[in-house]
Every structure is written in C-alpha cells, then in structure tokens.
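Each chain is listed here by its residues.
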Amino acid sequence: MVKRKRDIQVLFWVSTEEQKLIRQKMQQYGTVSVYLRKMALDGYVVKLDLPELNELVYQMRRSSNNLNQAHRKSA
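Residues numbered from 1 in each chain as written. Predicted model: local features only at pLDDT ≥ 70, side-chain atom pairs only at ≥ 80, totals over all residues. Heavy atoms only, no water.

## Some words on the overall build of the protein chain
Now for step 1: The secondary structure content of the protein chain amounts to three helices and zero strands.
Now for step 2: Taking 2.2 N^0.38 as the reference for a compact globule, 75 residues should give roughly 11 Å; the C-alpha atoms of the protein chain span a radius of gyration of 23 Å, well beyond that estimate.
Now for step 3: With the principal axes as the frame, the protein chain shows a C-alpha extent of 80 × 25 × 25 Å.
Now for step 4: Residue burial in the protein chain is summarised as follows: out of 75 residues, 4% are buried.
Now for step 5: Carbon and sulfur atoms form 56% of the exposed surface of the protein chain, whose accessible area is close to 7900 Å².
Now for step 6: Seen as two clouds, the 14 positive and the 7 negative side-chain charges of the protein chain have centres 7 Å apart. (Helix = DSSP H or I, 4+ residues; strand = E, 2+ residues; numbered from the N terminus. Rg over C-alpha atoms; globule rule 2.2 N^0.38 Å. Buried < 20%, exposed > 50% of the residue type's maximum accessible area, 1.4 Å probe, protein only. Areas by Shrake-Rupley, 256 points an atom, 1.4 Å probe, with all protein chains shown as cover. Lys, Arg positive; Asp, Glu negative; His and termini not counted. Charge placed at Lys NZ, Arg CZ, Asp CG, Glu CD.)

## Side note on the environment of Arg72
Now for step 1: Checked against the element boundaries, Arg72 lands in helix α3 (residues 51-74).
Now for step 2: Here Arg72 falls in the exposed class, since its relative accessible area comes to 61%.

## Thoughts on the layout of surface pockets
A water-sized probe rolled over the atoms picks out the places where empty space is left.
Now for step 1: Taken as a whole, the largest pocket holds about 630 Å³ of empty space.
Now for step 2: Lining of the largest pocket is provided by 18 residues; of these, Ile8, Val10, Ser33, Leu36 and Arg37 occupy positions nearest its centre.
Now for step 3: Here the residues of the lining of the largest pocket sort into ten nonpolar, three polar and five charged. (1 Å grid on protein atoms, 1.4 Å probe; cavity = no way out; pocket = protein on both sides within 12 Å on 5 of 7 lines; lining within 4 Å. Points joined across faces, edges and corners; volume = space filled by probe spheres on them. Nonpolar A, V, L, I, M, F, W, Y, C, P; charged D, E, K, R; others polar.)

## Quick notes on the packing of helix α1 (residues 16-26) against helix α2 (residues 32-42)
Now for step 1: Across the interface, α1 lies against α2 with an axial gap of 9 Å and an inter-helix angle of 95°. Accordingly, the angle class assigned to the pair α1 and α2 is roughly perpendicular. In this structure, α1 uses Ile22, Arg23, Lys25 and Met26 to contact α2, whose residues at the interface are Val32, Tyr35 and Leu36.
Now for step 2: Looking at the contact of α1 with α2 residue by residue, the classes come out as five nonpolar, no polar and two charged. (Axes fitted to C-alpha atoms, helices over the stretch in contact; angles between N-to-C directions. Parallel < 35°, antiparallel > 145°, perpendicular 65-115°, else oblique. Contact = heavy atoms within 4.5 Å.)

## Structural notes on a nonpolar patch on the surface
Now for step 1: A contiguous nonpolar surface patch, about 840 Å² in accessible area, is contributed by Tyr44, Val46, Leu48, Leu50, Leu53, Leu56, Val57 and Met60.
Now for step 2: Among the secondary structure elements, Leu48 is positioned in the loop between α2 and α3. (Patch = residues over 30% accessible without salt bridge, like charges linked within 9 Å, V, L, I, M, F, W, Y side chains within 5 Å. Salt bridge = Lys/Arg side-chain N within 4 Å of Asp/Glu carboxyl O.)

## Some points on the environment of Arg62
Now for step 1: Locating Arg62 in the fold gives a position in helix α3.
Now for step 2: Note on Arg62: relative accessible area 44%, which makes it partly exposed.
Now for step 3: Along the chain, Arg62 and Val10 lie 52 residues apart, while their C-alpha atoms are 45 Å from each other.

Here you go:
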C-alpha cells in the first residue's frame with residue numbers, strides 16, 4: 001500500500017450554491033482538493049467591525065419603524 005503524504009481527511013458541509021461557487025473557483029487550480037487546501041493554508045477571511053455602520057443601520061430601522069407607525073395612525 002502506498003503511503004500518502006497527506007494522511008488526514010477533512011470533511012465539511014456546503015450548500016448547493018456554495019458548491020457551485022467552489023467548483024467555479026477551483027477550475028483555476030484543477031481539482032477541488034488542491035483549491036481547498038490552497039485556500040485553507042494561504043487564504044484569508046475579512047471580518048469588518050464597523051460600529052459606526054451598525055449604529056447607522058440601527059437608527060435607520062428606528063426611523064423606518066416610526067414612519068410606519070405614523071402612516072398607520074394617519075390611515
């Protein structure tokens with residue numbers, strides 16, 4: 001039996017849409033395993049923490065709720 005260089009298997013679940021995107025992106029590397037290994041080792045995830053934007057969204061929701069309430073009272 002041939003000894004594998006990589007002897008640990010990693011499994012995870014994806015949605016149908018995610019699978020389609022992975023397959024599209026993996027074409028530049030040739031196979032899914034090569035693409036996923038490359039992304040897991042060298043890729044990065046951007047997580048933005050923008051409290052100002054969160055506050056703006058909160059204020060917009062409040063304004064929208066107030067506007068809806070005013071409309072209901074006048075109707």
